[in-house]
Every structure is written in C-alpha cells, then in structure tokens.
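The primary structure of each chain is shown beneath.
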Amino acid sequence: MKDRYYAGFMTDKPTWSEGLAAFRKQALVLIADIIALIYLWFMVSYTWNYFAHHTRSFATLPWWVMLIVVVEAAALWQNYGVSIGMKLVGQRLVDSAGRRISPDKRALRFLLWHLTPLAIISLAITTEWKPWHDRVTELTMVGSDRVELAPRPWYRCSWSIAVVLICLSTLIAAMLITRVDLHALFSQASKTRRIWGQVVRPDWSLLGKGVRLLLVTVFMAFVATLFGVVVAAPLSFLAARNLTQGLVGRTVYTIVRVTMSIVRSIEPIIWAIIFVVWVRLGAFPGVLALFVHSVADLTKLYSERLESIDPGPVEAIRATGANRFQVILYGVVPQIINPYLSFTLYRWDINVRMATIIGIVGGGGIGQSLIQYTRVWDWSAATVMMLLIMVVVWLMDYTSSRLRARLG
Amino acid sequence: MAKRPRKSRSAKPDTFLQRVAALKPRLYAFLLDWGSWGYIAYCFMYLLNRYWYVRHVNFYGTLAVPAWAWPIVVVGTLELAVLSHAFGHSVGLSLFGLKLFGPDYRASSWQVRLRRYLWWHLALPLQALSLRKAHPKGLLVHDVRSESRMLVVADIQEELPVVKPRKWYLTHRGLMTVALIGLTFWLGWMTTQINLGTLFGRASKSAYLWKALVTPDFEHFVTPDPQLRDSIMGGILESIYMALLATLLGGVIAFPLSFLGARNIMGFSRAGWLVFSLTRGFFNIFRSIESILWAVVFAVWVGFGPFAGVLALTLHTIAALGKLYSEQVESIDPGPLEAIAATGARRWQVVLYGVIPQIVPSYLAFTLYRWDINVRMSTVIALVGGGGIGRILFYYKNEVGRLSNAWNQVGAVIVVIVAVVWFLDYISGRIREKIT
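Values in this document were obtained by computation on a predicted structure and should not be read as measured data. Along each chain, residues carry numbers from 1 onward, in the same order as the chain's sequence is written. Chain letters and ligand numbers both follow the written order, the letters beginning at A and the numbers at 1. The model is predicted, so local features are restricted to residues of pLDDT at least 70 and side-chain atom pairs to those at 80 or more, both for listing and for counting; the totals for chains, interfaces and linings are taken over all residues.

Student: Could you clarify how one ought to interpret the packing of helix H9 (residues 232-260) of chain B against helix H16 (residues 389-398) of chain B in this entry?
Tutor: The relative placement of two packed helices comes down to the angle between their axes together with the axis-to-axis distance. Residues and elements named next belong to chain B. In contact at an axis separation of 6 Å, H9 and H16 are set at 135° when each is read in the N-to-C sense. Overall, the two elements H9 and H16 adopt an arrangement that is oblique. Contact residues: H9 offers Ile 232, Gly 235, Ile 236, Glu 238 and Ser 239, while H16 offers Ile 389, Arg 391 and Ile 392. Charged residues are taken to be Asp, Glu, Lys and Arg, nonpolar residues to be Ala, Val, Leu, Ile, Met, Phe, Trp, Tyr, Cys and Pro, and polar residues to be all remaining types, Gly included. Across the contact of H9 with H16, the residue classes break down as four nonpolar, two polar and two charged. Between the N-to-C directions of two axes lies an angle of 0 to 180 degrees, each axis being a line fitted to C-alpha atoms and, for a helix, fitted only over the stretch in contact. Helix and strand definitions here come from DSSP, where helices need a minimum of 4 consecutive H or I residues and strands a minimum of 2 consecutive E residues; each element is numbered from the N-terminal end. The cut-offs work like this: below 35 degrees is roughly parallel, past 145 is roughly antiparallel, 65 to 115 is roughly perpendicular, and the gaps in between are oblique. Any residue pair is listed as a contact if its two C-beta atoms, each placed from the backbone, are within 7 Å.

Here it is, written out as structure tokens:
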C-alpha cells in the first residue's frame, strides 16, 4: 500500500505559517516599542530644547544616534521587563523549563538579540522561529494568556510607567507647542473689555438686514443639502460593500470610497477658498463648498447604512426572479428611506452651522457680515448677527432632533 | 356622532389642563399652516420684486410692504390657513396626525365645512369668555356648531372605513408640499446667486489651480519657510496638539458639569431644576457659537497664536461634550442606581458606583469623536488668528501673487491635512467601535 504514494505524502507538511506568526509577533513588539520610545524621545527633546536653549525644535542629537539608542533601549526593555509592545501584543518572556530568569541570562539574551537579522535566514530553512538568543538562553516569548503570574500593581510595571511618562511629556510638550500662556489669560482679560461693553448693547437697527442675510445662509444650506442628496443617494449604492460585487464593482467601490474620504477630510472652509478663486466671491462658492462636502459626508453615512441592511427581504425578492433594479427598489429602498431622511436632516443642521462660518473666507451669507463687523470692531452689530445665528442654529437643532427621533 | 367609548386621551379630558393639552396638536397644526402661508406670501413678494419691481420700476430699490398693508397680510394668511383647515387636509394637520370628520367618520359635506369656517371666527372670542366652562369633550365652538370633529387619526384607526386615498397631486397637502419645496428651491437658487454659467465658463480659468493642487510642493515640509519661520510638519503638529489639549481640558471640565445637566441626577426639586436649566442653557448657548468666533475674542484676549485657538476649541468642546455627556447620563439604566440607593448610599456614592461605571465607555467614545472634530476645526481656526496648520495654508494662499508656486504649497498643506485627518478619523473610528 505504502509504496503507491510518493515519499512526501506521509510526512507532515512544513508549517511555515507558525514560524512566521511567531516572528511577526516579535517584530510587532519591537516596532511598537521603537515607536513609543521615539515618541518619548521627541517629546522630551522638545521640552529640553525649550527650557535649556529657548528654541522650539524636536531635534537634539543626530538622527542615527537617536535610532541606535532607541533600538538598544527597546531590546533592553524587552529583556528586563514587560515592555509596552509586549503588553500591547500580549507577550511575556518565560524560561522554557519554568525556572526563574536570572539577570545574567537576560544579559546574554540581550547580547545575542543583536544576531536576529542572521536568524531570519534560519527561518527560511527550518520553518521554525527559534533565533539564537532564544535557543542559547532557553528563554522564549509566549502569549501572556499562557503565563500565570500574580498581577503586579500598575505603578511597579515598566510599561505603565512608560505610559505615564508618555502622557506627561505629551501634556508638557503640548502646552509648549500650543504656547499656553496662563499669565496672558488671567492678566489681559481687560483687553476684551471693549468687546463686552459693546456686546451688551446690540445694535437692533441691523435686525432687518441680519434676517435677510440669515435667510441667504439658510437657503445656502438648503440648496447644498438638496443637491448633495441628489448626488449622494445614487453614489451611496456604488459605495456599499454588499452591493458592489465582482471586479468592476469592487473597483468602482474603491474609487468612490477613497475619493469621498479624501473630499470629506478637507473642511468646507478650505473648499470655499478654492471655489472663491473659481467662481469669485459671493454665496455661490459657499453653496458649492457645502455641496461638495455634503456629498462626501452623506455618501459615507448612506453607504454605511446600506451595508447594514437586512439581507432577508433582498433575497426573498431576488428569489421571485426580480432583476437587480427591482431588488433595489423593493428590497433595499424601503429599509433605508427613514435613515436616509434622518441623515439628511442631520446634514442640513450641520450645513446651517457651516454656512455661518463659511462666510469668513467670502462665502456670503450672515457669516461674511459677522466677520466684517468683528474686523472693524463693531461688536454691537456683530452681536445681533451672532444672536440671530444662535436662534436659527438652536431652532434647527431642536427641530431636526425631534424629527429624527420620530423617524427612528 | 357615533357613541362609542374611546380610549384616547383627547376624547375625554376631565381637567382644564388636560382639555388645553388635548387642543395642543390642533394649535401646532394651525400655527404651522399659518406659517407656511406666510412663507408663501414672503416668496410671492420676493419674486414680485425680482421679476417686476427691480426690472421695471427701480433697479436699486426694494418693494416693501407698506405699514397699512401688514394687517392685510397677517389676516389674509390667517384666513387661508383656516380655509385650508376647513376645506382640505392641510400639511399641518397631516403632520400632527389630525383629520376632519363628519358624523360616523365620513367626510364632511361642503356646507358643513363652510359652516365650520364661518363659525371659526367666533370660536376664539367665545372660547376666551368661557374657557373654564368649555365643552366637556374638549370641543370648540365651531366643532359643535358645524357638527364636525378634528380627531387624532391614530386613536380611531380601527373604526375608520377603508377609503381609497386620492392621488397626491389632487390633495391639498400634496400640492402645498410641492409648492413649499419648489418655492424654497427657486428662492434658494436666486438668493445664493447660483450661476452655472460661471461655474462651467470659468472652469478653464481654474484649471491652473487644480493642476497646482495635484502637484504639491513639499519644499517646506520639514525645512521651515524663512518668511513664515515654520514648516508644514510643525504646523500640523501644532494643530494636533491644540486639538488634544482642548479635548482633554474640555472633557475634564465637562465631566462634572454633565451631572449638573442631567435631569435624572438633579431630581425635581426647585434648586435641582434651576441648576439643571442653567447648565443646559450654558451648553446650548455656547454650543451654537462656533469655535471660530470664540477664536476672534480669544485672539484679542491672549494675542494671536495657538493658545487662543486652544481656548476657543476648549470652550466649544465643554459645551458640546457637556450636552452629549449629560444626555448619556439621562439614558442610563435606573436599576443599579435604585439598588445602590436602597443600601442607604448618599447621592455622590450613587453617582460614583451606579452612574459612572455605566457611562465610561460612551464618554470615551464621545471624547474621541470630539478630538476628531477638534482636529478638523484646528486646521482652519488660524483664519482668525488661532494658530495651527491653517496659518501656513492661509499664508501661502495669500502669497499667490508673489510666489509662483504658492498653490503648489497650498496643495502640499492640503495633502498633509487630508492624510492626518483621515488617519485620525480611521483610528478613532476603530477605537470607538471597540469601546461601544
């Protein structure tokens, strides 16, 4: 019987994947440690530079010095404690015989760790990830779920101390980077006295003008949302994972999704700057900016909703022999019409807010005159505009949340 | 009128307040219809101006309603609203689920409707004279006199005869809806000066802009611009840290405030109500003023720079997060609270052991979401002196005349913003998915 099969049939298949998985885990641990240490390095350098040299720079030593120090520190950390990467990936260093690990074994493992690049070659031959620093010292990284140790209090773990250090240095560096100046905050409040003096005396003669401008703003939001829905509703079907199958479908899906997420990442104000160059000042560039951003945002919201529809009705209708168009019309659309409406209301709400600030770059509407009044320091006029904006924003917010609650 | 017992609240009000409450949907429906007729009147005036007055009478002028005509407008729209209530199924009625019925839930004849319309004019004064002695079923004078009733459709759904509904274009509410949307669209198109000719005509002129934007110039990505004394890298870091600090500070301040703004924590005593409304009022007012406007004030206060931006973002974050947080507190499960209160715990102990464990995951999710928004906002807050990457963006944008590659530099800044915003959006989305 046996000789009918070729020789390799009875032996086990080489398990490349296990060796690779072990290697991948250790590589991930190392990368996470290096990233954390580099981040800490930069934060500390910035703070050091600020206080020691009064400069604002992240650089201290040459980059290669930093890299060597960071890599060595990461290796030391992995061998002498639970590093942040080990914690994240869920790995622990244990002795394969279950003995207590002596410091000199850790030192040996650290020294041999530098030969890791050579050990990668052995991975190709033996299909097993057993580098020399593990082989010689008989220490290995295993999943932390396989290690039973009494948990230490967090303030005695090196990884949690590192997290605290990272948070602290981030806080300090953030305060330095953003030029936090508490002295200015508390001693210069009188500089705004003129503003508050005018704010409490609004110039009500501008109410009529304000209402007219406010209507322009609301219409901007309305038109942008309406056009946005008209474009986004069909696009969302192309951006839903479950409706775009096959090579062509997937390509279209990817293109639409990537474009939309890029467009969405650019604030409407920046779009308005571009459109002001294109179609000149006025409300029109504002509408276009809001429209472009709404299309991208609504497509994302809509298609996420489409991806979570119940496949039952769709299959039932498909089983009756309906074509693709009919499936969408009778199986998909009834499920999404209410969420679509509620997303649209939500977006209109956002667009009204956005339309009020888009005026700053020349997008027209009430925002434009508001910012002009603040530029000429006419705060009593600006207050009227601000109050009108507050009223309309509050009204829209209230109405749309009530309607959305009803739509479910 | 069929004498069947009905369960609905609107059918048998016993106290005065309940009687008034039963009239509330009717009032809202009426106000909505009045408002929509007023809106149509406004649109009419606008179009009259645009197509007649400005073209043929006075190019620079605006036709305004004279003072003596205002009562006519008010009364006219009022009459139209009443007519649409009496003779058709208006938008307001259908939105609030009301319908006019004759005896036995049949449609009323036009005589009944006319009588109803005419009696309506006397209903309010008569009702005002004797509101406390109003009809025991909460009916108004014109209801009684015309023998027709305005009923909530949902209450009597089972008893209604099955009638084929009319086509939407034959109903009052269908036509009205189309008119409202169409007029809004028409006016919107004109007031926002939409001009497709410009859009497409100038497309070739903006081609250079797109060409420059898609060929970004990363010359000053790390090397600081000598004029600006800052690099794109420095700018984006400034933005991220502004958002981080603002979110942290805002979250820390909003956390205790959110309990003061939660109905179920503050209880229903007078003092509790006062604190609740003050906190919620603060949230609502400060939330509706965009952070970019706060940046204008803070730029005066602490000087131009990222700190002004941080303060502006913080203020807006407190209000926005405070509202989200306190809504979350209001929607917690009361079970654990009662269990802890039953052990004789004090109020702060109830909050500490009953409320906080329930809200921590969603608080984290909201905070991450807010950080996302703050990063987006901090990219543009420099427009009014708030600091961040926007400073670099607007600097290059304003140098368009002087620098030949200004738009390419703007393109580079936009690429960096997109990359960072997209990355943070993705990360925070993943984390939020895991938390909730």
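Student: Explain the domain arrangement of chain B to me, please; I cannot follow it from the model alone.
Tutor: Accessible area lost during the coming together of the parts is what is often quoted as the interface size. For chain B, the domain assignment lists domain 1 (16-186) and domain 2 (232-435). By convention here, the domain bounds are inherited from an automatic or database domain assignment. On a C-alpha basis, the centroid separation for the pair domain 1 of chain B and domain 2 of chain B is 43 Å.

Student: Looking at this structure, how should I read the confidence of the model for chain B?
Tutor: Any residue range with low pLDDT should be treated as having predicted coordinates unsuitable for detailed reading. All names here are of chain B. Averaged over all residues, the pLDDT of chain B equals 86, while 94% of them reach at least 70. The pLDDT value tells you how sure the predictor is about a given residue, anywhere from 0 up to 100. Low pLDDT, under 50, characterises residues 1-11; the stretch is placed with 13 contacts to residues that sit more than four places away or in other chains. Here the complex is predicted with pTM 0.83, and the ipTM for its interfaces comes to 0.84.

Student: Explanation requested: the domain arrangement of chain A in the structure shown.
Tutor: The domain architecture assigned to chain A consists of domain 1 (16-174) and domain 2 (203-407). The centre of domain 1 of chain A, based on its C-alpha atoms, is set 47 Å off from the matching centre of domain 2 of chain A.

Student: Would you take a moment to explain helix H17 (residues 379-407) of chain A for this structure?
Tutor: Residues that lie three or four places apart on an α-helix share one face, since the helix turns once every 3.6 residues. Expected helix span is computed as 1.5 Å times (number of residues minus one). Taking 1.5 Å per residue as the helical rise, H17(A) with its 29 residues ought to reach 42 Å, and the 41 Å between its terminal C-alpha atoms agrees with that figure. Neighbour density around each residue's C-beta defines its exposure: 20 or more other C-beta atoms within 10 Å make it buried, 12 or fewer make it exposed, and counts between make it partly exposed, where C-beta atoms are placed from the backbone. Along H17(A), the residues that are buried comprise A:Trp379, A:Ala381, A:Ala382, A:Thr383, A:Val384, A:Met385, A:Met386, A:Leu388, A:Ile389, A:Val392 and A:Met396. Buried positions along H17(A) lie against helix H9 (193-199), helix H10 (207-238), helix H15 (324-358) and helix H16 (366-375) of chain A together with helix H11 (270-288) and helix H12 (291-302) of chain B.

Student: Whenever I open this one, H9(B) confuses me. Can you help?
Tutor: The end-to-end C-alpha distance of H9(B), which contains 29 residues, comes to 42 Å, matching closely the 42 Å that a straight helix rising 1.5 Å per residue would cover. A residue's bend is the angle separating two fitted axes: one through the seven residues that end there, the other through the seven that start there. The principal kink in H9(B), of about 35°, is found at B:Ala254, preceding the proline B:Pro256 by one to four residues.

Student: How do you make sense of the packing of H15(A) against H17(A) when you look at a structure like this?
Tutor: All names here are of chain A. In the contact formed by H15 and H17, the axes pass within 9 Å of each other and the chain directions differ by 170°. Of the possible angle classes, the one that applies to H15 and H17 is roughly antiparallel. On the side of H15, the interface is formed by Asn 338, Leu 341, Ser 342, Leu 345, Tyr 346, Trp 348, Asp 349, Val 352, Arg 353 and Thr 356, while H17 contributes Ile 389, Val 392, Val 393, Met 396, Asp 397, Ser 400, Leu 403, Arg 404 and Leu 407.

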